[in-house]
Structure formats: structure tokens, C-alpha cells
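So you can see what is in the structure, the chains are spelled out below.
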Amino acid sequence: MASLTFNSVWKRYDQVEAVKDLNLDIADGEFLCLLGPSGCGKSSSLRMIAGLEFISAGDILLGGERINDLEPRNRDIAMVFESYALYPQKSVYENMANPLRLRKMSKDEIDRRVREAAGMLEIERLLDRRPSQLSGGQKQRVAIGRVLVREPKAFLFDEPIAHLDAKLRARMRGELKHIQKRLGTTTVYVTHDQLEGMSMADRIAIMREGVLQQVGTPQEVFNQPSNVWVATFVGDPPMNILQGELQGRDGGLTVVAPEFRIDVPTAQAGSLSESKLADRKILVGVRPEALSISSARDAAHPITGRVYAVQPLGDVEVIDVRVGNDRVLVRAELGTVANEDVDATVYLGYHAQKLHFFNPTTGVAIRSAATRQTAVSQPTT
Amino acid sequence: MSSTVLTQVQTDEDEVTPGPAIDMRDQVVKGQGSRWSGIAISGFIAIYVIFTLIPFFIMLTTALKPAGEALNLPATGDWGGALKKLFVFTPTFEHFSSLFTQNNFSKYLLNSVLAAVGSSVISVVFGTTAAYAISRGRFRGKGDLYFWIISTRMAPVVAVTVPLYAIFKNLGLLNTIPGLVLAYTVFNLPFAIWILKGFFDAVPYDLEEAYMVDGHSRWQALLKIVPLVVPGLAAVLVLCILLAWNDYIFAAVMGGESAKTLPVATQGLKSASGIDWGQIMAAGTVTVAPMLLLGIVIRKYMVQGLTMGAVKQ
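These figures come from a predicted structure and were not determined experimentally.

Undergrad: Break down the interface of chain A and chain B for me, with residues and values.
TA: Contacts between chain A and chain B engage 22 residues on the former and 17 residues on the latter. Put simply, the parts of the chain that give the side of chain A that touches chain B at least two residues each are β6 (77-80), α2 (92-102) and α4 (136-148) of chain A. A class-by-class count of the residues in the side of chain A that touches chain B yields 12 nonpolar, seven polar and three charged.

Right, here's the structure in full:
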């Protein structure tokens, strides 16, 4: 168990810069998720920790020690691969025992650890089988078991549940989180699925095209996204982003667009008027959960729109509403809008305290001093 | 109620989906077609098999027939007699024994074995390491290097015989077994690299990565995945032996007398005074037999080895 630090780490593949100047502190025992779309540099970062990729520039410290020049086997880390990478000629027992045999552990100790890990993952009956005789879910557990038998300084997970079906993924999210909390080992978990990051991690580090966008707890990243890209990446259905122009009205600020008018809450008006906006253009973000829908126009529902589609999701429904040329998603109770109501005129209301404002040129969020969050938060355990 | 839901999840997971290969094989075996097309296909195959095997049959029988009887032609129109002459004769081993006692064929056989096996082993050993490097490595010019290596096989062997002869002469490698081994390696090594690279490509790289993270060094990881490539290695080894064994050009040009191999020696039996068919056919049999035996012994693994690299996981 140890802390992990990235100090100005770069990764270059010939001309391509996969990871740009990454600075990240991971606390001892923390579950950190590296989140981002394909090609954002999260896997490269993980593999640099493991020693499977050279570090082009910068340092990685594990437990305070620089590990740049150490071979993977000397770094005391254990890794679960996306494709499981189980040894095909060995039984499940031997797969899990392999790392321990290399460390010259006694037969009894190896047996104890393998059986303990197998028990934790409920694969005791599979110990004599070969990988070719296992289903995807079982292979994945064996891969995790191979990592659990050791007591390394850190666990590394490279999209381990990406190839499982949805039901199994949901179950594994809970199991992995439980195991990590029980063992307390520092964990770095790479995924492109924001749901996995949000549900499992202590903190999430979001990357895009090699650059770290934001680090924070799931709460922070969800409620205070540092830029518009993070805001639309985290959360499902994604945040709605509307364009408008900032105008002063009745002593306050309003965002004006041909189809709607959104009043800026007084708390945020100060930082908005201070920020330099080209042509006073601004982006307003509001999550589907923060919108309400009504068939009648009133003070609480000032925005006019037309129903485009309705997606019932069991207990809620997501309504796709066209406001001018924009598409706005609204989350509402089941039955608010019927399937036949396509093209019906509806009126939307917004929760004033849940508005986000972004600079259209830079994408950066504009916040008032009270709610302002530094882009990189300190590690919590 | 919750406990039953949990057990349901357990059993769903247990099912291992059966592979499609079994179903496909069943379909092929059952087959669908009229009886006539079946007869036509069988007839065609029978004719083809006979056509392929007749030269070997004649070679073997001629080698076993006493001198002179091989050319004892039947009278025209005497079909019964012809058939009789094909199959009925008193077999003798005099041709075979004369090869080994009078014509030094035991030495030539040994030369063939040494040259073929020697060059094949060298080609496979270095071919494995080179193929591994090309398959896994990431360096500038890798594609060009690989193409250059396999392009050496595109040139006809005859084209390099003269320059190679000159080089060997200067190095004093003519008429030596090591020289012949080197000459065979010239065309076996690129071939081995080419085929083996495909086999290494079929082994996913994260298997070695898992070994390295578990605690092995890079070399140990390579050794660990070699068993997965062994069918391919065996297939390539056998093919290299075959190519080298059957070679005539290099052995004839550069082998001389000390390093004479079976194909060249067989040709050498054609003397100015005449052709001793019995002896030549016996020599042909001796040349062909070891390769036939080899093929029969590893037949099962050849198919597996050659097709394994074709399917990407």
C-alpha cells in the first residue's frame, strides 16, 4: 500500500503526444478512476505506472520512490488486463498461484492465499478448470483473483469489466468496490464508462486528448465541472448546453436567446459580469434532472419548446424537447408526456440554483467565489 | 425470494457457450448432393490419387526388380502381360545394397541429413528470435526491414548461385558441410522469419505483459509463450528440412564431392556407359523415403501448425 504520484509526466509515441504534462497525486488506499474517451491517454498513464510503457518525460513515484527505471516485476504492482490475459495452459489454481510461486512462497501459504481469494470471488469450484472452459465473467474473476493473492503497493485495473454484459457489470461494480474497501489497497482504475467512475471511485481524474481536465470526488465532478466538456461527459443523460447573449436587465443579468430567456441568479451575477466574454456570448448548462416540464405556460415554466421524442426508462422518462434549433433533454416522472404527444408544444422550467455558466471560447466554467472549486482537488482517503 | 434470485444469477454465468466448430464439422460430414455427383467426385479423386502415386510405385518396383527386368517391355497389345510385369516379379535388394556398399551412399545420406537438419535448426532458432522482435518491437523502419527480409525469398535461387559461389570460394566454404548449411540458411531463414512472425502475431501481447507484471523478466516471458507457438515452430522446422533436403542447385554448385547430398549423388549415377535404372530408382527411393516418413509422422501437427497462425483471436 502506498501513495502514487505523477510529476509532469509525458508520453510520446513518435510524433503523437498521448499524455501531456500529467500531474496527479493519489493517496495511500485511495480508489482513483482515470476516466475519459478512447485515446485520451488513460491507458497509457496506467501502463506507465506498471512499467509496460517507457516514460517519455517526468517521474512517477510509488510510495515516495521513483520507479521510472524499474522493470515491471520489481515495481510491486498487480494488474488486471482488459482481455484478462489468463495463462491458457494453466489451471485456474495455477493462474492465481503463479505470481506467488515466483516469489518463492511456501506451498501452504500459496494454497491459503489462493483459496482465500477464490472464496472472495466465489470461484472455488473452478480451481481445476482451464481458461478455455470458463465464461467471460468467470475469466474476469480469475484475472482479479490473480491480483488479489498478492499484497502489492497498488492495484491497476485496465477496463476490466468492459466486455461483460450490463447485468454482470452492475454486479461487479459493487463487488470490486467492496473488495477494495476491505483490502484498502491503493487502486487506479481505467475506464471510459462514466457510470463506473461515478459509482466506484473515491476521486475521478478525467482526461481528454492527453490532458487532465479535472480531478475531484464524483460529487465535485458532477456538481462543479471545471469546463463544458467535463460537464457533458459526466452524467447520463448528459447536461444540456444552451447558447445565449448576456444582457443587463432590471438591475440583474439575463441570458437571452431567440427562443428563451434565463435569469442569472444574483449569486453568480458578480463573477459573470467580471468575466471577459467575446460579444457577451455565453453558454448555459443545466442538467435534465434540473428541468421541469409543463403543458401550460406560467412563471415557473417560461421556455417554449416542442416534444421531439419520449424515452420511457421504467421509473422515469427522458423527454427530448426542441427549443429552437437546440435539443434539450428533460428528466421527468413517467407518464408526464405520452408517446403520441410528438410535436406538442410544452413549456420548460429550470432550477435557478442548478445552472452552470461556461465561457464559449475557452469552455471553462465561470463560478462565483463561493462555489469556485480549484481544478485539482486534494486527495482524500 | 432474494436467495432464489441470487442463485439464478449464479447459474446463468456458468454456461459456457459451445463453439461453432462442432456444428460446422457436422454439416460438412453429412453433406448434401445427389449420388451421381458423389460418384463423380470419388471417381475424380481416385484418378488423381493414382496419377500422383504411380511415379512412386514405378520407382519402388523398378528398384526392387532384378537388373534388366525393368526394361523388359511386353509385346504390343499384351495387356495381361503388362499388368503381370507391373506387379509380378521376384524382389531383390541388390540395387539398394550396391548403393551403400559400392557407391558410398551412406555418406551422401549423412551429408543430406546434416545439411538439412543443421540449416533448419539454425533457421528456426534465429528465425524465432527475429520474428519475435519484428512482431513485438516498436522501432523505426521495422516495416521496411521486414519487407527486405522476405523479399530475399522473392528472387529465384538460381540468380544468387554465381555470386554465392564466388563468396564461398573466397571464404573457403566450398565442398564443406558447414558451407552447405550456410547456403541453405540463406533461403530458410527468411522463410522461417516470415512464417513465425505470423504465429507470434496470433499470440496476444498482454499475455507476456501479465507474465512480466507477475514477476518474470522479459526473456522469461518470451520463453513462457514459446509453448504456444510450438506447433508453428515444428511446422516451420519440417518445411525447412524439406526445402533443404530437396535442394539440387546449391548442393551441385557448392557441395563438390565432400559435401555431396542425395539429389546430386542420384544424378551422378548416370554414367557415360549407360543408365542403371534399378540403381537410380533405388537411389530415388532412398532420397524420398525419409521425407515421406517425416511427413507421415508429423502430419497431424502440420495442419494444426500451419492453420493456427491464420486465425486471429
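Undergrad: Residue-level account of the confidence of the model for chain B, with values.
TA: All names here are of chain B. Model confidence for chain B is summarised by a mean pLDDT of 81, while 81% of its residues fall at 70 or above. Low pLDDT, under 50, characterises residues 1-15; the stretch is placed with five contacts to residues that sit more than four places away or in other chains. Every residue in residues 17-25 scores below 50 in pLDDT, and together they form zero contacts with partners more than four places removed in sequence or on other chains. In the predicted assembly, ipTM is 0.81 and pTM is 0.78.

Undergrad: Tell me about the domain arrangement of chain A, residues and numbers included.
TA: Residue and element names in this part refer to chain A. Split by domain assignment, chain A resolves into domain 1 (4-231) and domain 2 (237-366). Here domain 1 and domain 2 have C-alpha centroids that lie 38 Å from each other. Contact residues are listed per partner, giving six residues for domain 1 and nine residues for domain 2. Across the side of domain 1 that touches domain 2, the residue classes tally to four nonpolar, two polar and no charged.

Undergrad: Could you give an account of the pairing of strand β16 (residues 303-312) of chain A, with specific residues and numbers?
TA: Residue and element names in this part refer to chain A. Of the pairings in the sheet, the one linking β16 to strand β19 (residues 345-350) comprises four bridges and is antiparallel in character. Looking at the pairing, I303 lines up with L348 of β19. By the bridge criterion, six bridges tie β16 to strand β17 (residues 316-323) in an arrangement that is antiparallel. Residue pairing across strands places P312 opposite E317, the latter belonging to β17. The turn joining β16 and β17, which pair antiparallel and follow one another in sequence, is formed by three residues; a positive phi near 100° is taken by G314.

Undergrad: Quick rundown of the sheet that holds β17 of chain A? Include the residues and the values.
TA: Residues and elements named next belong to chain A. The five strands lie next to each other as β15-β19-β16-β17-β18, forming an open sheet whose pairing is antiparallel. Across the chains shown, the open sheet's two edge strands, defined by having one partner strand only, are β15 (291-294) and β18 (326-333). Between one strand axis and the next, the sheet turns through 45° on average, direction left out of account. Summarising the sheet, β15 and β19 pair through four bridges and their orientation is antiparallel. Looking at the pairing, S292 lines up with G349 of β19.

Undergrad: I'd like to hear about the environment of S123 of chain B, residue by residue, with values.
TA: All names here are of chain B. Note that S123 resides in helix α6 (residues 105-136). Along the sequence, S123 and P190 sit 67 residues apart, while their C-alpha atoms lie 8.1 Å from each other. With sequence-adjacent residues up to four places away left out, S123 is seen in contact with T185, N188, L189, A192 and C240.

Undergrad: I'd like to hear about the nonpolar core, residue by residue, with values.
TA: By size, the foremost hydrophobic cluster in this structure holds 161 residues, and its most contacted members are L156, V188 and A205 of chain A together with V236 of chain B. If one sorts the elements of this core by residue count, helix α9 (residues 177-202) of chain B sits on top with 13 residues. Looking at which domains feed residues into this core, each of domain 1 (4-231) and domain 2 (237-366) of chain A gives three or more. The contact partners of L156 of chain A, leaving out residues within four places of it in the chain, are L46, I49, A50, I77, M79 and V188 of chain A.

Undergrad: Go over the packing of α6 of chain B against helix α11 (residues 218-245) of chain B, please, and point to the residues and values.
TA: Residue and element names in this part refer to chain B. Put simply, α6 and α11 touch, their axes get as near as 9 Å, and they point 145° apart. Along this stretch, α6 crosses α11, giving a crossing that reads as right-handed. Side by side, α6 and α11 meet where S112, A115, A116, V117, S119, S120, S123, V124, G127, T128 and Y132 of the first sit next to L222, L233, V236, L237, C240, I241, A244 and W245 of the second. Tallied by class, the residues present in the contact of α6 with α11 amount to 13 nonpolar, six polar and no charged.

Undergrad: Explain the environment of N111 of chain B to me, and be specific about the residues and the numbers.
TA: Residue and element names in this part refer to chain B. Structurally, N111 can be placed in helix α6. Considered as a pair, N111 and T152 are 41 residues apart in the sequence and their alpha carbons are 26 Å apart. Setting aside chain neighbours within four positions, we find N111 in contact with I177, A259, K260 and T261.

Undergrad: Summarise the confidence of the model for chain A; cite the residues concerned and give the values.
TA: Per-residue confidence for chain A averages 89 on the pLDDT scale, and 96% of its residues sit at or above 70. Here residues 373-378 of chain A is a poorly scored stretch, pLDDT under 50, and it has eight contacts once near neighbours within four places are set aside; other chains count.

Undergrad: Talk me through unusual backbone geometry; I want residue IDs and the actual numbers.
TA: Residue and element names in this part refer to chain A. The step from D236 to P237 runs through a cis peptide bond, and the omega angle for that step is 0°. Mapping P237 onto the fold places it in the loop between α8 (228-233) and β11 (240-249). One non-glycine residue with positive phi stands out, namely D76, at about 60°. Within the secondary structure, D76 is located in the loop between β5 (65-66) and β6. By C-beta crowding, D76 is classed as partly exposed, having 17 other C-beta atoms within 10 Å. The backbone of R280 shows a phi angle near 60°, a positive value even though the residue is not glycine. Turning to its location among the elements, R280 is positioned in the loop between α9 (266-274) and β14 (281-286). A count of 15 C-beta atoms within 10 Å places R280 in the partly exposed class.

Thresholds, definitions, all that
Residues numbered from 1 in each chain as written. Chains lettered and ligands numbered in written order. Predicted model: local features only at pLDDT ≥ 70, side-chain atom pairs only at ≥ 80, totals over all residues. Contact = placed C-beta atoms within 7 Å. Helix = DSSP H or I, 4+ residues; strand = E, 2+ residues; numbered from the N terminus. Nonpolar A, V, L, I, M, F, W, Y, C, P; charged D, E, K, R; others polar. pLDDT = per-residue confidence, 0-100. Domains from an automatic or database assignment. Pairing = 2+ DSSP bridges. Axes fitted to C-alpha atoms, helices over the stretch in contact; angles between N-to-C directions. Core = buried A, V, L, I, M, F, W, Y, C linked by C-beta atoms within 7 Å. Buried ≥ 20, exposed ≤ 12 C-beta atoms within 10 Å, placed from the backbone. Left-handed = near helix turned anticlockwise from the far one by under 90°.

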